[in-house]
Each structure stands twice: as C-alpha cells, then as structure tokens.
Amino acid sequence: MRQDLTHGGILGSITRFALPYMLTYFLQVLYGLADLYVIGLYCDADATAAVTNGVQVMYMFTVIMIALSMGSTVSVGKAVGARDTAATSRAIGNTMTLFTVLGIVSAAALLGLRGEIIEAIVTPRESVAGASDYLGVCFAGIPFVVIYNVIASVFRGLGDTRRPMYFVAIACGVNIILDFILIGWAGLGPRGAALATVTSQTLSVGVAAVYMRKSGGFVTLKAADFAPERRTMWGILRIGIPVALQDGFIQVSFLIIMMIANGRGLTDAAAVGIVEKFIGILFIVPSAMLASVSAIGAQSLGAGMENRARATLRTATLIAIGFGTIIATTMQMIPERAVGLFTNDADVVRMGSGYLQGYVWDCVLAGIHFCFSGYFTACGRAYISFAHNFIAIVLVRVPLAYWASSAYPATLYPMGLVTCGGSLLSAVICVGVYVWMRRKAVREGRCVD
C-alpha cells in the first residue's frame, strides 16, 4: 500500500503518482458529467439547470473537504518519509475520527439550509423544485462523500494513488448504470441523478473499507490511534484549514459566476454549468500536479530532501504549462463539439462555446499556481495559497466577471476570458513568494544551491 516517493527519478515519481490520480479524478468528474448527459437526453432545460446548480454546490462542498483533508495527506506523507510508523498510525486514526464527525455535522447543517442555499445561488425559478430534490438526496449522503475522500487522502499520503482509482472506477460504473435506470427508465429526473450519485459513493466507501480491513497493510491501527490527540489534529488542521479556505473561496467565486449567469437567463445558466463541468475534466492535469507536488514534497521534506521537493515543483510546473497550452489552443478550434457533447440545444451550444473559448486559457495560468500551492502546502505554509487566491478572487476574478457580464450581454466569451486575470495574479504572487523564500533560505545558510 505504501509507496516510497523519496527515491528514483523525479519525472518517474510524478508519473507513477499522477497517472492513477488523474484517472481517479476523471472518474469522479464523470459522476457529474454522467448526470448532465443523461438528464440532457431525457429531460428539458429546467432539469438540466437544476442539476448543474446542484452539482456546483456539491462540487464546492467536496472540494472543500478534499482540501481540508490535504492536512492528512501532508501529515501522513511526512511521517512516512521520516519512517515513523507510530506517527503514521496516529495521523490516520485521528483523520478518521475528525472527518467522521465533520461529515455528520455537515449533512445535518446543509439539509437544514437547503432552501436558503438554493435561493442564495439565484437558481432559475423553473429549476428550484428540481434543485431542491437533487440537493436533498446529496446532502443526506454527505457522510459517505466525506469518508471516501478522506480514505483517498490517506492513500495519497502513503504515495498510493492506485487503490482509490480502483474504488472509484467501480462506483463510477454503477453510477452511470443507475443514471439510465433512475432518470431514463424510472423518470425520476434530478432526484434520480442524486440517488445514483449517493448510492455509488456509498458503494465506493464500502469497497474501500473492506479492502483496508483485509489488506493488513503497512501499519496496524489501534483503538488509541483514533482517540483525538491535540498535537496530531492540530497538525492536520493547521495545513488543511488554509487549503480549505482557499478552495472554498475559489468555489464561492464559481458560485457567484453561476449566479451572474443565472441572472442572464436559463440558456446562459445551462451553458455556464456545462462548461464548468467540462473545465473540470481539463483541470485534471493541473490538479494532479498539485497533488503530486504535495505528496512527493511532503515525503521528501520529511526525509530531509529539500532539493528533491524543489525539483518536483519545477518538473510539475513545466508539465502543467505544456498541457495547458496544448489544450487551450485545441479548444479554440472545436468549442461547439465540446459543449455539444452535453446538450442538443443550439442556443446553449452557441453561448457555451464562447464561454469555453475564453475560460480554457485558465488551464495554463492555473496550472502554475496549482503547482506552487502544492509546494507551499508540503512546506506547511498553506496560508500562502489561501492568501494569493483570496486576493485574486476579490480584486480580479469576481469584479471582472460582473463587469464582463454587464458590458457584453450578447456573449459569454469575455466573461470566460476574465477568469484568467485572477490566475495570472495568483501565479505572479506565487513566483514572487517562492523567490523570496529561496533568497531567505540562502541568507540564513539553510540552502546553498
């Protein structure tokens, strides 16, 4: 189960870690895409908009939980790098205890606030009932969503991204089958999409739990490991909270953009929702680079190999920039085909194509600051990632999106393009902070290369 990421070539380590992670991420994105695809086949634009709004809310919550669990990935990774089995066991046990409680509390709170959430994101009036059905089922299943993602974060800290890929592959296949049964055959609409998703996630948790219990593994968890320990939990939260706040603000900005699109009408709302999900696929590589830098960097720093952590950052950044450039250029030529995969509505395709052509350039710039965020997190300085994202969102991303929507009511292209401004500012801040950190280390004699 454990994979040593402190030895071997940097590119090889990134590849072994990132490829299963990317496939897992892609399969997770397929949950939402499958819902949208099947809803588009069997239901009208009202149902599509209901699911796109519901998916965005759930995606926001899931991203925040994954970000919060990054503290576990780094804590486990550093313990593994230091060859400290006792610390590894405590980090895993305390993670399970902490996130089980968080999952239950979150489900109760979100169910109670369902109506307010739907109103807050300015869901189109025709789609309110469907969005309420979708979110009601999904919120009830949140504990399973949280537990699965925490298990995955533990595996990533161990350097193992293959097992989570197997677990989610099974669940994704079940989700797609259930979508056709519950939406297409049973006619349950958005509620059916949510039931398919929650049932699949629950299955994924069950498979993962059975595997962890029977595998024997690298460590033996004792009852004492699950007892809350202040130092261990604080180590997890000290890293996880800034990352969660960072990703939370990013998702809030996406929700605000969704609200702006909702205010433009049903067609634009559906177009933005579809493109956001498609962009989720394209961001698999930048996200995988962030996770790779975090995990490899954490193990390397735990083993006292700072040079390897920096080399991982450099290699991952080059990969992210190259991928983003190729994808952004390609999408300029085939935007209608990309959006047309998820809807037959000509107006939605037209508006979505413009939004995609502008938005897709963010893959290049976001790839840069994603990698640096992974490095800062591995160093235990996740607050830097939170700070640059907060500044970019408040000063650039949201204000420019609002301006573009008002100034160009006939097209979504400018609204998509201005998202790149926020990532550009984040990338500049990240590079500046990294250079400052390196110079400071040299002055203090901690680094000479």
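Within each chain, residues carry numbers counting from 1 in the order of the written sequence. Per-residue local features of the predicted model are confined to residues with pLDDT of at least 70, and side-chain atom pairs are confined, for both listing and counting, to 80 or more; whole-chain, interface and lining totals are unaffected and use all residues. The basis for the side-chain values is all heavy atoms of the structure; hydrogens and waters are excluded.

Asks: Where do I start with the overall build of the chain in this structure?
Replies: Strands here are runs of E lasting at least two residues and helices are runs of H or I lasting at least four, both read from the DSSP assignment and numbered beginning at the N terminus. Regarding its fold elements, the chain presents 20 helices and zero strands. Each of the three principal axes of the chain carries a C-alpha extent, and together these read 60 × 45 × 35 Å. Scored against the burial criterion, the 449 residues of the chain give a buried share of 58%. Working rule for contacts: check all heavy atoms of both residues, and any pair within 4.5 Å makes them a contact. Contacts in the chain between residues at least 24 apart in sequence constitute 83% of all its contacts with a sequence separation of at least 6. The buried label goes to any residue with under 20% of its type's maximum accessible area, the exposed label to any with over 50%, and the partly exposed label to all in between, with areas taken from a 1.4 Å probe on protein chains only.

Asks: Looking at this model, I keep getting lost on the pattern of salt bridges. Mind explaining?
Replies: Oppositely charged side chains can pair when the atoms bearing their charge come close. When a carboxyl oxygen of Asp or Glu lies within 4 Å of a side-chain nitrogen of Lys or Arg, that pair is called a salt bridge. Per the counting criterion, the structure on display carries four salt bridges. Among the salt bridges present, the one from Arg350 reaches Asp347, with a minimum N-O distance of 3.7 Å. Linking Arg350 with Asp347, this pair stays in helix H16 (residues 346-359), spanning three residues, or about one helical turn.

Asks: How should I be thinking about the nonpolar core in this particular structure?
Replies: Side chains of nonpolar character tend, in soluble globular proteins, to be buried together. Formed by 131 residues in total, the largest nonpolar core has its most connected members in Tyr134, Met289 and Leu356. Take this core: its biggest share by element is twelve residues, from helix H1 (residues 10-42). By convention a nonpolar core is built from buried Ala, Val, Leu, Ile, Met, Phe, Trp, Tyr and Cys residues, the set being connected through side-chain atoms within 4.5 Å.

Asks: Is there a simple way to think about the packing of helix H12 (residues 266-282) against H16 in this case?
Replies: Each pair of packed helices can be described by the angle between their axes along with the distance between the axes. Interaxial angle, 0 to 180 degrees, is taken between N-to-C directions of lines fitted to C-alpha atoms, where a helix line uses only the stretch in contact. Packing of H12 against H16 brings their axes to within 8 Å, and their N-to-C directions diverge by 45°. Viewed along their axes, H12 and H16 adopt a mutual orientation that is oblique. The handedness of the crossing between H12 and H16 comes out as right-handed. Residues Thr267, Asp268, Ala270, Ala271, Val272, Ile274, Val275, Glu276, Phe278 and Ile279 of H12 lie in contact with H16, whose contacting residues are Asp347, Val348, Met351, Gly352, Tyr355, Leu356 and Tyr359. Throughout, the term roughly parallel applies to angles under 35 degrees, roughly antiparallel to angles over 145, roughly perpendicular to angles from 65 to 115, and oblique to all others. Handedness of a helix crossing follows the sense of rotation of the near helix relative to the far helix, less than a right angle counterclockwise being left-handed and clockwise being right-handed.

Asks: Is there a simple way to think about helix H2 (residues 45-68) in this case?
Replies: Residues lying three or four places apart along an α-helix face the same way, a consequence of the helix completing one turn every 3.6 residues. Here the expected span of a helix is defined as 1.5 Å times the quantity of residues minus one. Spanning 24 residues, H2 covers 34 Å between terminal C-alpha atoms, matching the ideal 34 Å at 1.5 Å per step. The buried count for H2 comes to 19 of 24 residues, which makes it a mostly enclosed element.

Asks: Looking at this structure, I do not really get the packing of aromatic side chains. What am I missing?
Replies: Describing an aromatic ring pair means giving the distance of the ring centres and the angle of the ring planes. Here a pair means two rings of Phe, Tyr or Trp (six-membered ring of Trp) with centres within 6.5 Å. Their orientation is stacked below 30 degrees between planes, edge-to-face above 60, and tilted elsewhere. If you walk through the whole model with that rule in mind, you get nine aromatic pairs. Centre to centre, the rings of Phe283 and Phe370 are 5.8 Å apart; their planes meet at 75°, and the pair counts as edge-to-face. With a gap of 87 residues between them, Phe283 in the loop between H12 and helix H13 (284-302) and Phe370 in helix H17 (residues 362-378) connect regions that are remote in the sequence. With a relative accessible area of 16%, Phe370 lands in the buried category. Ring plane angle 70° and centroid distance 5.6 Å describe the contact between Phe372 and Tyr434, whose orientation is recorded as edge-to-face. In this pair, Phe372 is assigned in helix H17 and Tyr434 in helix H20 (residues 419-443), connecting sequence segments 62 residues apart. Note on Tyr434: relative accessible area 13%, which makes it buried. By way of ring pairs, the aromatic residues Phe372, Tyr375, Phe376 and Tyr434 are connected into one cluster.

Asks: Got a minute to help me understand the side chain of Ser353 in this structure?
Replies: For Ser353, the position within the fold is in helix H16. By relative accessible area, Ser353 is classed as buried at 3%. Discounting chain neighbours no more than four positions away, the residues touching Ser353 are Pro335, Glu336 and Val339.

Asks: How should the side chain of Ser287 be read in this particular structure?
Replies: Checked against the element boundaries, Ser287 lands in helix H13. For the purposes of these results, a polar contact is taken to be a pair of N or O atoms within 3.5 Å, where, inside protein, one atom must be able to donate a hydrogen and its partner to accept one; residues adjacent in sequence count only when each atom of the pair is a side-chain atom. A polar contact is formed between the side chain of Ser287 and the backbone oxygen of Phe283, at a distance of 2.9 Å. In this structure, Ser287 is in contact with Tyr21, Tyr25 and Phe370, ignoring residues within four places of it in sequence.

Asks: What exactly am I supposed to notice about a nonpolar patch on the surface here?
Replies: On the surface, Tyr37, Leu41, Tyr42, Ile176 and Phe180 cluster together to form a nonpolar patch covering roughly 450 Å² of accessible area. Checked against the element boundaries, Leu41 lands in helix H1. Each patch groups residues whose relative accessible area exceeds 30% and which form no salt bridge, using 9 Å between like charges and 5 Å between nonpolar side chains of Val, Leu, Ile, Met, Phe, Trp and Tyr. For the accessible areas, the method is Shrake-Rupley and the probe is 1.4 Å, while residue cover comes only from the protein chains on display.

Asks: Help me understand helix H8 (residues 162-185) in this model?
Replies: Here H8 spans 34 Å end to end across 24 residues, near enough to the 34 Å set by a 1.5 Å rise per residue. Listed as buried for H8 are Arg163, Pro164, Met165, Phe167, Val168, Ala171, Cys172, Asn175, Leu178, Asp179, Leu182 and Ile183.

Asks: Please explain the environment of Leu313 as it appears in this structure.
Replies: Positionally, Leu313 belongs in helix H14 (residues 306-331). The exposure class assigned to Leu313 is buried, which follows from its relative accessible area of 2%. The spatial distance from the C-alpha of Leu313 to the C-alpha of Tyr375 is 6.5 Å, given a sequence separation of 62 residues. The residues contacting Leu313, other than those within four sequence positions of it, are Val293, Cys371, Phe372, Tyr375 and Tyr434.

Asks: Would you explain the environment of Leu400 in this entry?
Replies: Residue placement: Leu400 occurs in helix H18 (residues 382-407). Residue classification places Leu400 among the partly exposed residues on the basis of a relative accessible area of 34%. Along the primary structure Leu400 and Ile64 are separated by 336 residues, whereas in three dimensions their C-alpha atoms are 24 Å apart.

Asks: Explain the environment of Arg114 to me, please; I cannot follow it from the model alone.
Replies: Positionally, Arg114 belongs in helix H5 (residues 114-120). As a C-alpha pair, Arg114 and Gly136 span 22 residues in sequence and 7.1 Å in three-dimensional space.

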